[in-house]
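# Structural characterization, general
Next come the chains, spelled out residue by residue.
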Amino acid sequence: MSMPKVSVILPVYQREQYLGIAIEGIVAQTFQDFEVIVSDNSAKDSLRKICESFECHGRLRYRSNPRNLGAALNIRAAVSESKGIYVTILNDDDCWEPTFLEKLVSSLEKNPNCVLAFSDHWIMDAQGKIDVAATDANTKHYGRAELPAGDVKEPVKFVLEKNGVPQMAALFRRDALDLSLLTEQVIWAYDFWISCILAASGNAFYHVPERLTRYRVHGEMETARKSPDKSEPMIYIFEQLLNLNWFPLMRGFLEQRLAVAYYSNGRDLLWFDQPAAARRMFRKALRLSWHQKSMAAFALSLAPLPIRRHLQITK
């Protein structure tokens, strides 16, 4: 295809149990003017074979990286090769309802002032069963429960305060994303960072309140992984937002969020028995915003290991 309307970016790393389901959902879309770029960070032959098993009339392309680039650079590499006017990113373990592309493309086509359109989504378990209670709670938590259809009133606040745009349920204009900003430091937080970049454009966001995507919760998710560097992408993002000064009216809020990210990083370092590094993070958090939890965590970092483990900090 020379100029498809939509480029679907489908990043994958090693997991193969859900990839076929994700591709099936793309192929079954009622809107068919798209290309699919499956971008593999593991160069796993079984993943390539899954892609080759689909008859997509040249619209699906498998590409692999020579090494694991991390989530953000994997997506950047795929987007740089895309040809569509619009781009959407679908995780390899999620899937779409059949009208996802139709309704989001239509929203952007009718609203040229909008840079991004997004929908709500379902929560499903590893076997694909929808959890209605968890879905409703998620919709409320991220500020979409009371959000009407149409232009989002204050997209900057919606992104920064609610992180309410799920990129696996979003479609954005390709020319609005500066790929040079999509760096390796954001890793798994690329979705929030892309929302920030698009919000900084000053253009409108469009909300489609229907649940047009299914988000899968399972044990191999990145969010389930515990590591000492888990919060570093959010530290990078909030430091960048403050340095770039894209949102001067939100500076105080961003400093508070950065303090929380420092605290979270310190907590993770403490869990992995790195008290000196943890104290550095707690000091940074306290310089930005005094908080009892950060002070208590700093004191705990000075205690012997058995006491720290007994009194381990929780969220």
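That block above? That's the structure.
Residues numbered from 1 in each chain as written. Predicted model: local features only at pLDDT ≥ 70, side-chain atom pairs only at ≥ 80, totals over all residues. Heavy atoms only, no water.

Further remarks concern the overall build of the protein. From N to C terminus, the protein includes 12 helices and nine strands. The C-alpha radius of gyration computed for the protein amounts to 20 Å, which stays within 12% of the reference 20 Å derived for 315 residues, consistent with globular compactness. With respect to the three principal axes, the spread of C-alpha positions in the protein is 65 × 45 × 40 Å. Within the protein, the proportion of its 315 residues that are buried is 50%. (Helix = DSSP H or I, 4+ residues; strand = E, 2+ residues; numbered from the N terminus. Rg over C-alpha atoms; globule rule 2.2 N^0.38 Å. Buried < 20%, exposed > 50% of the residue type's maximum accessible area, 1.4 Å probe, protein only.)

Because side chains alternate across strand β4 (residues 86-89), one face comprises the buried residues Y86 and T88, and the other comprises V87 and I89, equally buried. Inspection of the sheet shows strand β1 (residues 6-12) paired to β4 by four bridges, in the parallel sense. Across the sheet, the residue bridging to V6 is Y86, located in β4. The pairing of β4 with strand β8 (residues 170-173) spans two bridges and is classified as antiparallel. Following the sheet pairing, Y86 is matched in β8 by R173. (Pairing = 2+ DSSP bridges.)

Here the focus is the pattern of salt bridges. Should their charged atoms come close, side chains of opposite charge can pair. According to the stated counting rule, one finds 15 salt bridges in the structure shown. Among the salt bridges present, the one from D93 reaches R15, with a minimum N-O distance of 3.3 Å. In this pair, D93 sits in the loop between β4 and β5 (95-96) while R15 sits in the loop between β1 and α1 (19-27), placing the two residues 78 residues apart along the sequence. Residue D93 shares its accessibility class with R15, and that shared class is buried. The shortest N-O distance in the salt bridge between R48 and E52 comes to 2.7 Å. Of this pair, R48 and E52 both sit in helix α2 (residues 45-52), four residues apart, which is roughly one turn of the helix. What emerges from the salt-bridge pattern is a single network uniting D45, R48, K49 and E52. (Salt bridge = Lys/Arg side-chain N within 4 Å of Asp/Glu carboxyl O.)

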